[in-house]
Amino acid sequence: MTFEALEVTVAGGVQVIVLNQPKRKNAFNATQYNEVIAALEQAKNDPAVRCVVITGRGDYYSSGNDLSVFTAIDLSNKEKLEQELADAKAMLTRFVNSFIFFPKILIAALNGPAIGVAATTAQHCDFVYGSESCTINTPFVPLAQVPEACSSFTFPRIMGPLKANEMLLLGKKFDARQALAANLLNDVFPDKEFMSRVMAIAHQIAQSPPQSLFASKKLIRNEALVAQLEQIAKNETQVLSERWASEEFMETIFSFFSNKKSQSRL
C-alpha cells in the first residue's frame with residue numbers, strides 16, 4: 001500500500017509508522033486518520049510483524065486533530081453539516097478502535113509534543129516513551145470539546161483523578177519529566193538517542209516468543225476491559241460530536257484561528 005501522510009517500514013519483526021506531515025505538525029486530517037487505521041490493519045495481518053512503533057517526523061509527534069477543517073464547514077446548510085459531523089464521528093470511532101483492538105505490541109515514541117487525540121491514543125499503547133523535548137497536553141475544554149479516545153477513563157486510571165483533571169479540564173501541559181512522574185511515559189530518553197533507544201526495545205520485544213507475547217497482552221488487556229473501552233469511546237465520541245455541532249464550539253474555534261492569524265502577523 002502507498003501512503004501519502006505516513007512513512008511505513010518493516011524490518012526485524014518491527015513495523016515503524018512515521019506520521020509524515022511535519023509542515024502541518026503531523027496534525028490528523030482524514031488522510032492521516034485513515035492511513036494509520038490501514039497501517040495498523042496491515043501490521044495485524046502480517047505474521048512477520050510482532051511490534052509496531054508510532055512516531056512523528058520533525059519537531060512534533062502530532063499536534064492532534066486538524067481543527068481547521070471545522071472553519072470550512074457551511075453552517076447554513078444543516079443537512080450537509082449533519083453529514084460532515086457524522087462522517088467525522090465515524091472516522092474518529094474507527095481510529096480509536098484500531099488502537100483498542102490491536103492485538104500485537106504497540107509502542108508510542110513521542111519525539112515531540114503530543115496534543116489531543118495524539119496524546120489520548122498513546123495511552124492505548126503497551127509502552128510509551130518520550131524524548132526530553134516531548135510534551136503532552138489535551139486542551140479539550142479550552143477548545144470547547146470533551147475528552148476522547150477513552151481518556152475520561154484511562155487518564156484518571158493512570159494518573160489519579162486529580163492530576164487527570166489538571167490535564168483534561170484545565171488543559172495543563174506536562175513536560176517530559178512531569179509526564180513520566182504521572183505515569184504517562186515508561187521512560188524519557190535524550191533527543192539525540194531517542195529513536196535508537198526506542199528501536200532497541202522494539203527489537204527486544206520482537207525477539208520474544210510471539211504466542212506467549214500476544215497471549216500475555218490479551219490477559220493484561222482482557223476482553224472485559226476491551227469491551228469497556230469500546231463503550232467508553234463510543235460514549236465520549238457521541239458527546240464530542242454534540243459539542244462539534246454546538247454554537248459554543250464553532251465560536252471558540254473561529255476565535256482560536258483568528259487569534260493565531262493575528263499572532264502570526266506580529
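To be clear, the structure that these remarks concern was listed above.
No experiment lies behind these values; they were computed from the predicted model shown.

A. Geometry of the sheet that holds strand β4 (residues 105-110). Reading across from one edge, β1-β2-β3-β4-β6-β9 is the order of the 6 strands in this open sheet, with mixed pairing throughout. Each of the sheet's edge strands pairs with one partner strand only, and the pair in question is β1 (6-11) and β9 (187-189). Neighbour-to-neighbour, the strand axes of this sheet turn through a mean angle of 20°, independent of strand direction. In terms of strand pairing, β4 meets strand β6 (residues 127-131) through 4 bridges, oriented parallel. Bridge pairing in β6 links A109 to Y129. Against the sheet, helix α7 (residues 194-206) contacts β1, β2 (14-19), β3 (51-56), β4, β6 and β9, and its axis sits at roughly 175° relative to β4.

B. Structural detail: the packing of helix α4 (residues 151-159) against helix α5 (residues 161-168). In contact at an axis separation of 7 Å, α4 and α5 are set at 135° when each is read in the N-to-C sense. As the angle between them shows, α4 and α5 are arranged oblique. Considering only the axes of α4 and α5, their crossing is right-handed. Judged by residue contacts, S151, S152, F155, P156 and M159 of α4 engage P161, K163, A164, M167 and L168 from α5. Classifying every residue of the contact of α4 with α5 by side-chain character gives 7 nonpolar, 2 polar and 1 charged.

C. View of α5. All buried positions along α5 are accounted for by A164, M167 and L168. Seen end-on, α5 carries its buried residues on one side only, within an arc spanning 85°. On its buried face, α5 is in contact with β7 (135-137), α4 and β8 (174-175).

D. The nonpolar core, seen in detail. Of all hydrophobic cores here, the largest spans 69 residues; its most connected members are V52, F70 and L110. With 9 residues, the single largest contributor to this core is helix α2 (residues 78-100). Excluding anything up to four places from it in sequence, L110 contacts Y61, A122, V128, Y129, G130, S131, C134, I136, L185 and F194. One finds I105, F189, V198 and M199 within the second-largest nonpolar core, a separate group that totals 18 residues.

E. Summary view of the side chain of T120. Its place among the elements puts T120 in helix α3 (residues 117-122). Of the residues examined, T120 reaches a relative accessible area of 0% and is grouped as buried.

F. How the structure looks around the sheet that holds β8. Read from one edge to the other, the open sheet built from 3 strands follows the order β5-β7-β8, with strand pairing classed as mixed. Each of the sheet's edge strands pairs with one partner strand only, and the pair in question is β5 (114-115) and β8. Here 2 bridges tie β5 to β7, and the two strands are oriented parallel to one another. The residue of β7 that forms the bridge with A114 is I136.

G. Examining the packing of aromatic side chains more closely. If you walk through the whole model with that rule in mind, you get 6 aromatic pairs. Plain terms: the ring middles of F28 and F95 are 5.1 Å apart, the flat faces sit at 55° to each other, and that makes the pair tilted. With F28 in the loop between β2 and α1 (30-45) and F95 in helix α2, the pair connects residues that are 67 residues apart, well separated along the chain. Summarising the burial analysis for this pair, F28 and F95 share the class buried. Summarising the aromatic geometry, the rings of Y129 and F189 are spaced 5.5 Å apart at their centres and angled 20° between planes, so their arrangement reads as stacked. Placement of the pair is Y129 in strand β6 and F189 in strand β9, with a sequence separation of 60 residues. The burial state of Y129 is the same as that of F189; both residues are buried. Through pairs of rings, three or more aromatic residues link up here, namely F28, Y33, F95 and F99. A cation over a ring is seen here: K172 above F174, with NZ or CZ 5.4 Å from the ring centre.

H. Inspection of the side chain of H124 at higher detail. Position of H124 relative to the elements: it lies in the loop between α3 and β6. A polar contact of 2.8 Å, which involves the side chain of H124, links it to the backbone oxygen of A149. Those residues in contact with H124, other than ones at most four positions away along the chain, are V96, F99, I100, A149, C150, T154, R221 and L229.

I. Representation of a nonpolar patch on the surface in the model. A cluster of nonpolar residues, V141, L169 and L170, forms a patch on the protein surface that exposes about 300 Å² of accessible area. Note on placement: L169 falls in the loop between α5 and β8. A relative accessible area of 49% means that L169 is categorised as partly exposed.

Reading the values: the criteria
- Residues numbered from 1 in each chain as written.
- Predicted model: local features only at pLDDT ≥ 70, side-chain atom pairs only at ≥ 80, totals over all residues.
- Heavy atoms only, no water.
- Pairing = 2+ DSSP bridges.
- Helix = DSSP H or I, 4+ residues; strand = E, 2+ residues; numbered from the N terminus.
- Axes fitted to C-alpha atoms, helices over the stretch in contact; angles between N-to-C directions.
- Contact = heavy atoms within 4.5 Å.
- Parallel < 35°, antiparallel > 145°, perpendicular 65-115°, else oblique.
- Left-handed = near helix turned anticlockwise from the far one by under 90°.
- Nonpolar A, V, L, I, M, F, W, Y, C, P; charged D, E, K, R; others polar.
- Buried < 20%, exposed > 50% of the residue type's maximum accessible area, 1.4 Å probe, protein only.
- Arc of directions from axis to C-beta.
- Core = buried A, V, L, I, M, F, W, Y, C linked by side-chain atoms within 4.5 Å.
- Phe/Tyr/Trp six-rings, centres within 6.5 Å; stacked < 30°, edge-to-face > 60°.
- Lys NZ or Arg CZ within 6 Å of the ring centre and 35° of its normal.
- Polar contact = N/O pair within 3.5 Å; in protein donor to acceptor, adjacent residues only side chain to side chain.
- Patch = residues over 30% accessible without salt bridge, like charges linked within 9 Å, V, L, I, M, F, W, Y side chains within 5 Å.
- Areas by Shrake-Rupley, 256 points an atom, 1.4 Å probe, with all protein chains shown as cover.
- Salt bridge = Lys/Arg side-chain N within 4 Å of Asp/Glu carboxyl O.

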